[in-house]
Amino acid sequence: MMKRENSIHKNVHLTAEQLRRRCDPAKFEFDITDDLPFEPGIIGQDRAVEAIRFGLDIESPGFNIFVMGPTSSGRRSIIKRIVEEKAAQEPVPADWVYVTQFADPGRPRAIALPAGRGRQLRAVMERFSTILPDRLQQTFDTDRYAVAREELEQQYRALEREALSEVESSCRKRDCVLVRSPSGMYIASVREGELLTPETISQLDATEQARVQHDLEELDNLLDDAMRHMRDHERKLQAEIDRLDREVADFTLSPLLDEVRADFTDQQAVLSYLDEVREDILAKVAIFRSGELVRPDIEGASLLDIPVHKRYRVNLFVDNSELRGAPVVVVERPSAQRLLGAVEYDVRYGATVTDHMLVRAGALHRANGGYLIIEATELLEDYDAWSGLKQALAQKEVRVESPDGDRLVRTVTPNPEPVPLRTKVVLVGHPDVLYSLYGLDDDFGKFFKVQADFHTEVDRTPETERAYVRFIRMLCHREELLPFTAEAAARVVEFGARLVEHQDRLSAQFGYIADLVRESHYWARAAGQEIVRREDVITALKKQRRRVGLLEELSLRALLEDRLLVATQGVAVGQVNALTVVSYGSSAYGVPCRVTARAYVGRGSVIDIHREVDLGGPIHSKGVLTLTGYFGGQYGISQALSMEASLSFEQLYDDIEGDSASCAELYALISAVSEIPLRQDLSVTGAVDQYGNVMAIGGVNEKISGYFEVCRARGLTGTQGVIVPRANIKHLMLEEDVISAVHNQEFHIYPIVSVDEGLALLTGEPIGVSDASGEFPANTVHGRVARRLKNFAASDGDRNTDND
């Protein structure tokens, strides 16, 4: 068994100076923050910044970045700043346009152009599409074109007359005539100027009837030959007219296209596209000649029937003309369409309309050649978005796809050509999101090989304190806030240490720091001041606490009205004041709670009443079970423990978690067994192990403040205080009212390293150290516990004898 002759130190309470590490404003060489140069920078986070820079610089596949850290850690603003600094040094990527692919209108063609040239091409083709119909119509309306076309048509009519004249001459020789009717031409026999009907012919004698039928058949064959030659001539005529139309249209079209070509002689893709435009216009010249450029009943109803006024226009899909470096695109609420783009649809005249002009870019397209920053939590909630992003990264190209389920009316879905993808993707989220993505998708690690972890705190050094001041200066400059005095800035630094509950650390969650700066400015401005003083920062902190302090106030009221029983004076057996922390939202406050214990003959177990009714969490239950180990090791070396005990947090009806009350529970249990009363003017917090070592806990500042508020409301006696683990001294960043009470010896804080030190404070009795045989002196705390346990064992033995 471990002996503790040297484990009990003199019970010395902490001094006021130990309760907060103050920031000396004299170290800041300025009167107000406006005296400082404007130097934006990153405070701490060296590990995360190093990882980010590595991920941005490496060009190998899959080295995209996942930036993780809690909210208000500055992760988003820092990553954006680093990315923007790098992007500013890189070239502006190409513009992307979509144009009609005339051979396959359902697959718009993607063309890359130097930044700014896409806007230029869109403008010239917009003008081209506007003036083209009028120019062509004017050309076809000229006398020269009309004369040329009339000459061709006259040649055809002359050939037609010649062919029909031969047929008519043959008809006259055989008493027949060529009849022209609305339904066409045919041969008929005549007698005495009258046409013979089939009934009349059937009444002729057989010889005459045979002759007539023979003549009609020969003349029909002759007419058929004439008609066949006429159709051949008509096709030749149409070909000649088409050739004429193309020549006339090309005469007008070529100068217009040459104007466009002159601006893009260095862009082969554009030149090839313009050649296709020429061929498409010449192939559809009849539409321009007829003037039927718009058909409202079917306009745009099919991808194969894109109206002329849109057919040659250019969709400027990605416009990088105004960038001064690589693009940086931030997506707050990622979805499949926001990331991958979409094809939009219109409904006109009952038909669903789309074309290449309705293809819309997604964030991946806009970030192409640069950087894409995505909120990971939202991405995790949209499988299509994550799947599309992963596919784009794997294939190194991004496709615009519109699922049929997104439209009420099904129609032809265009399939635009994919755009080659070269971008660095940065996901920003909580660590839980990273772990979820790893668990949900085996491929996640292939595409996000770099992790940048933002810590919630940084070491408190003169440099980081000055960095805090630079942050205040930057925020005041950016948001036009009042300047801070050195004293006010020092109080903000102290607040940063309180946030992380450590005298040698500062919070890296600058969202909270920024809010305090803004609120301090508000109260200084409300007081009619031109600068922010230390008092304004303190006012802001008090107002913050008041706004969220209703539950704390109600808890204090319940204690003062004795609806919650917690004694702050006197002594009691089997009862001690423990300290708990109530957390809700971003707020937390401490509340004292009465812990009671009862001991009786049994089998050596400790019953946790809260665990029995499912109100105790696993860590709390572990702490209670640790007490059994302590009792066994401390008192069960030479005898069996024939004791059972019950522990309860009285009047606490919510779930309990954590082991920070295990020290208080042990004291209550020792008191219940030994029947030694414990001081009720002291409250206890601390975790304990099986050897009686007292270990650090969280929320020490809230716990001390919570008990202090109760004692102050009831009246400070000068003996009240809190017992805390010595390991928590560095975590103390208490408020001025607590520090003042300690300075005036109205309130005390006792640090301990062992259970025995706390027992000495709570009982005022000698603790006792076991001898070589494991026996404790009789008139000590441990001796009285051991003696009571022997009595339990004797009673248990008598009970077993009676049962036998």
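### As for the sheet that holds strand β3 (residues 109-113)
Okay, so step 1: With antiparallel pairing, three strands are arranged side by side in an open sheet as β3-β2-β7. Each edge of the open sheet carries a strand with a single partner, namely β3 and β7 (315-318). Averaged over all pairs of adjacent strands, the angle between their axes in this sheet comes to 35°, without regard to strand direction.
Okay, so step 2: Across five bridges, the pairing between strand β2 (residues 95-99) and β3 is antiparallel. What sits directly across from Val 99, in β3, is Arg 109.
Okay, so step 3: Along the sheet face, helix α7 (residues 268-283) touches β2 and β3 and points at about 140° away from the line of β3.

### As for the pattern of salt bridges
Where side chains of opposite charge bring their charged atoms close, a pairing between them can arise.
Okay, so step 1: Per the counting criterion, the structure on display carries 68 salt bridges.
Okay, so step 2: Ionic pairing is found between Glu 494 and Arg 534, a salt bridge with its closest N-O pair at 3.4 Å. A residue pair is termed long-range when its members are at least 10 positions apart, and Glu 494 in helix α17 (residues 486-500) and Arg 534 in helix α19 (residues 534-547) qualify at 40 residues.
Okay, so step 3: Linked by salt bridges that have partners in common, Arg 20, Arg 22, Arg 491, Glu 494, Arg 498, Arg 534, Glu 702, Glu 735 and Glu 736 make up one network.

### With respect to a negative patch on the surface
Okay, so step 1: On the surface, Asp 31, Asp 34, Asp 35, Glu 487 and Glu 535 cluster together into a negatively charged patch.
Okay, so step 2: If you trace the backbone, Asp 31 turns up in the segment before α1 (46-57).

### What to know about the packing of aromatic side chains
A ring pair, where both rings are aromatic, is described by two values, the distance of the centres and the angle of the planes.
Okay, so step 1: Enumeration according to the criterion identifies 18 aromatic pairs in this entry.
Okay, so step 2: Ring geometry for Tyr 630 and Phe 631: centres 6.3 Å apart, planes at 70°, overall edge-to-face.
Okay, so step 3: Residue classification places Tyr 630 among the buried residues on the basis of a relative accessible area of 3%.
Okay, so step 4: Within the aromatic cluster, the residues linked to one another by ring pairs are Phe 66, Trp 386, Tyr 438, Phe 444 and Phe 448.
Okay, so step 5: Directly above the ring of Trp 523 sits Lys 543, whose terminal nitrogen or CZ lies 5.1 Å from the centroid.

### Observations regarding the packing of helix α3 (residues 117-140) against helix α6 (residues 206-263)
Helix packing geometry: the angle between the two helix axes and the distance between the axes.
Okay, so step 1: In contact at an axis separation of 10 Å, α3 and α6 are set at 160° when each is read in the N-to-C sense. It follows that α3 is roughly antiparallel to α6 by the angle criterion. Considering only the axes of α3 and α6, their crossing is right-handed. When α3 is examined against α6, the residues Arg 117, Gln 120, Val 124, Met 125, Arg 127, Phe 128, Ile 131, Leu 132, Arg 135, Leu 136, Thr 139 and Phe 140 are found in contact with a partner set consisting of Asp 245, Val 248, Ala 249, Thr 252, Leu 253, Leu 256, Leu 257, Glu 259, Val 260 and Asp 263.
Okay, so step 2: Its residues assigned to classes, the contact of α3 with α6 comprises 13 nonpolar, three polar and six charged.

### A look at helix α13 (residues 383-395)
Okay, so step 1: In this model, α13 (13 residues) spans 18 Å end to end at C-alpha, consistent with the 18 Å of a helix rising 1.5 Å per residue.
Okay, so step 2: Turning to α13, its buried residues number three or more, namely Ala 385, Trp 386, Gly 388, Leu 389, Lys 390, Ala 392 and Leu 393.

### Describing the sheet that holds strand β6 (residues 194-195)
Through backbone hydrogen bonds, the strands of a sheet pair up, either in parallel or in antiparallel fashion.
Okay, so step 1: Strand order across the open sheet formed by three strands is β4-β5-β6, with antiparallel pairing between neighbours. Of all the strands in the sheet, the pair left with one neighbour each is β4 (176-181) and β6.
Okay, so step 2: Pairing geometry for β4 and strand β5 (residues 184-191), over six bridges, is antiparallel. Counted as the bridge partner of Leu 178 is Ile 187 from β5.
Okay, so step 3: Here helix α4 (residues 143-173) sits on the sheet in contact with β4 and β5, set at roughly 135° to β4.

### Notes on the side chain of Glu 465
Okay, so step 1: Inspection of the secondary structure assignment puts Glu 465 in helix α16 (residues 462-479).
Okay, so step 2: Aside from chain neighbours lying at most four places away, what touches Glu 465 is Arg 21, Cys 23, Lys 27, Phe 28, Arg 460, Val 493 and Leu 506.

### What about unusual backbone geometry?
Okay, so step 1: Phi angles above zero are rare outside glycine, and Lys 396 is one such case at about 60°.
Okay, so step 2: Along the chain, Lys 396 falls in the loop between α13 and β14 (397-398).
Okay, so step 3: Although it is not a glycine, Glu 480 adopts a positive phi angle of roughly 55°.
Okay, so step 4: Tracing the backbone shows Glu 480 in the loop between α16 and α17.
Okay, so step 5: Assessed through its relative accessible area of 68%, Glu 480 is described here as exposed.

### Re the environment of Ala 188
Okay, so step 1: Tracing the chain through its elements places Ala 188 in strand β5.
Okay, so step 2: It is 9.3 Å that separates the C-alpha atoms of Ala 188 and Leu 219, two residues lying 31 residues apart in sequence.
Okay, so step 3: For Ala 188, the residues in contact, after removing those within four places along its chain, are Asp 175, Cys 176, Val 177, Val 179, Leu 195 and Leu 216.

### Here we look at the confidence of the model for the chain
Okay, so step 1: On average, residues of the chain score 86 in pLDDT, and 90% of them reach the 70 mark or higher.
Okay, so step 2: For the chain, per-element mean pLDDT is lowest for helix α21 (residues 609-612), which scores 54, and highest for strand β30 (residues 748-752), which scores 97.
Okay, so step 3: This model gives residues 294-301 a pLDDT under 50, and the stretch forms 15 contacts once residues within four places in sequence are excluded.

### Points about α7
Okay, so step 1: Counted at 1.5 Å a residue, the expected span for α7 with its 16 residues is 22 Å, and the 23 Å between its end C-alpha atoms agrees.
Okay, so step 2: Turning to α7, its buried residues are Val 270, Leu 271, Tyr 273, Leu 274, Val 277, Asp 280, Ile 281 and Leu 282.

### A short note on the nonpolar core
Okay, so step 1: Among the nonpolar cores identified, the biggest contains 52 residues, and Met 125, Phe 128, Leu 132, Ile 187, Ile 281 and Tyr 312 are the most heavily contacted of them.
Okay, so step 2: Secondary structure elements with two or more residues in this core: β2, β3, α3, α4, β4, α6, α7 and α8 (285-290).
Okay, so step 3: The greatest single-element share of this core, amounting to 15 residues, is contributed by α6.
Okay, so step 4: Contacts of Leu 132, omitting those with residues within four sequence positions, involve Leu 253, Leu 256, Ile 281, Phe 288 and Tyr 312.
Okay, so step 5: Of all hydrophobic cores here, the second largest spans 46 residues; its members include Ala 599, Tyr 635, Leu 647 and Ala 664.

### Describing the packing of helix α20 (residues 550-560) against helix α24 (residues 700-714)
Okay, so step 1: Relative orientation of the contacting elements α20 and α24 amounts to 50°, with a least axis distance of 10 Å. Considered as vectors, α20 and α24 are oriented oblique to each other. The two elements α20 and α24 meet at a crossing, and its hand is right-handed. Between α20, through Leu 556, Leu 559 and Leu 560, and α24, the contact on the second element is made entirely by Glu 709, Val 710, Ala 713 and Arg 714.

### Description of the side chain of Thr 139
Okay, so step 1: Of note, Thr 139 is situated in helix α3.
Okay, so step 2: In contact with Thr 139, not counting residues within four places along its chain, are Tyr 145, Val 248 and Thr 252.

### A word on the pairing of strand β16 (residues 424-429)
Okay, so step 1: β16 sits mainly inside the fold: six of its six residues count as buried.
Okay, so step 2: Burial along β16 is two-sided: the face carrying Lys 424, Val 426 and Val 428 and the face carrying Val 425, Leu 427 and Gly 429 are both buried.
Okay, so step 3: By the bridge criterion, four bridges tie strand β1 (residues 65-68) to β16 in an arrangement that is parallel. Note that in β16 the partner of Val 67 across the bridge is Val 428.

### Quick word on the environment of Thr 130
Okay, so step 1: Tracing the sequence through the fold places Thr 130 in helix α3.
Okay, so step 2: Judged by its relative accessible area of 52%, Thr 130 falls in the exposed class.
Okay, so step 3: Sequence spacing of Thr 130 and Lys 310 is 180 residues, and the spatial spacing of their C-alpha atoms is 9.6 Å.
Okay, so step 4: Within polar-contact distance, the side chain of Thr 130 engages the backbone oxygen of Glu 126 at 2.8 Å.

Definitions and limits used
The residue count restarts for each chain, going from 1 along the sequence in the order it is written. Confidence filtering applies because this is a predicted model: local features only for residues at pLDDT of at least 70, side-chain atom pairs given and counted only at 80 or more, and all residues used for totals across whole chains, interfaces and linings. Note that the side-chain values use all heavy atoms of the structure and ignore hydrogens as well as water. At least two DSSP bridges between two strands are required for those strands to pair. Strands here are runs of E lasting at least two residues and helices are runs of H or I lasting at least four, both read from the DSSP assignment and numbered beginning at the N terminus. Axis geometry follows a simple rule: fit a line to the C-alpha atoms, using only the stretch in contact for helices, then measure angles between N-to-C directions, giving values from 0 to 180 degrees. By definition in these notes, contact holds between two residues if any of their heavy atoms fall within 4.5 Å. Whenever a carboxyl oxygen of Asp or Glu lies within 4 Å of a side-chain nitrogen of Lys or Arg, that contact is scored as a salt bridge. Here a patch means residues that are over 30% exposed by relative accessible area and free of salt bridges, tied together within 9 Å if like-charged and within 5 Å if nonpolar (Val, Leu, Ile, Met, Phe, Trp, Tyr). Only the protein chains shown count as cover for residues, and the accessible areas themselves come from Shrake-Rupley with a 1.4 Å probe. Here the positive residues are Lys and Arg and the negative ones are Asp and Glu; neither His nor the chain ends is included. Charge coordinates come from a single atom per side chain, which is NZ of Lys, CZ of Arg, CG of Asp or CD of Glu. The pairing test for Phe, Tyr and Trp rings, Trp by its six-membered ring, is centres within 6.5 Å, and the orientation test on the planes gives stacked under 30 degrees, edge-to-face over 60, and tilted for anything in between. Each residue's exposure class comes from its accessible area (1.4 Å probe, protein chains only) as a fraction of the maximum for that residue type: buried when under 20%, exposed when over 50%, partly exposed otherwise. Criterion for a charge above a ring: Arg CZ or Lys NZ at most 6 Å from the ring centre, at most 35 degrees from the ring normal. Orientation labels follow simple angle bins: below 35 degrees gives roughly parallel, above 145 gives roughly antiparallel, 65 to 115 gives roughly perpendicular, and whatever is left gives oblique. Left-handed describes a crossing whose near helix is turned anticlockwise from the far helix by less than a right angle; the clockwise case is right-handed. Each residue is assigned to one of three groups, with Ala, Val, Leu, Ile, Met, Phe, Trp, Tyr, Cys and Pro labelled nonpolar, Asp, Glu, Lys and Arg labelled charged, and all others, Gly among them, labelled polar. Given the number of residues in a helix, its expected span is that number minus one, multiplied by 1.5 Å. For every residue, the pLDDT score states the predictor's confidence, bounded by 0 at the bottom and 100 at the top. Think of a nonpolar core as a cluster: buried Ala, Val, Leu, Ile, Met, Phe, Trp, Tyr and Cys residues, connected wherever their side-chain atoms sit within 4.5 Å. Two N or O atoms count as a polar contact when they lie within 3.5 Å, although within protein this holds only if one can serve as hydrogen donor and the other as acceptor, and sequence-adjacent residues are included solely when both atoms are side-chain atoms.

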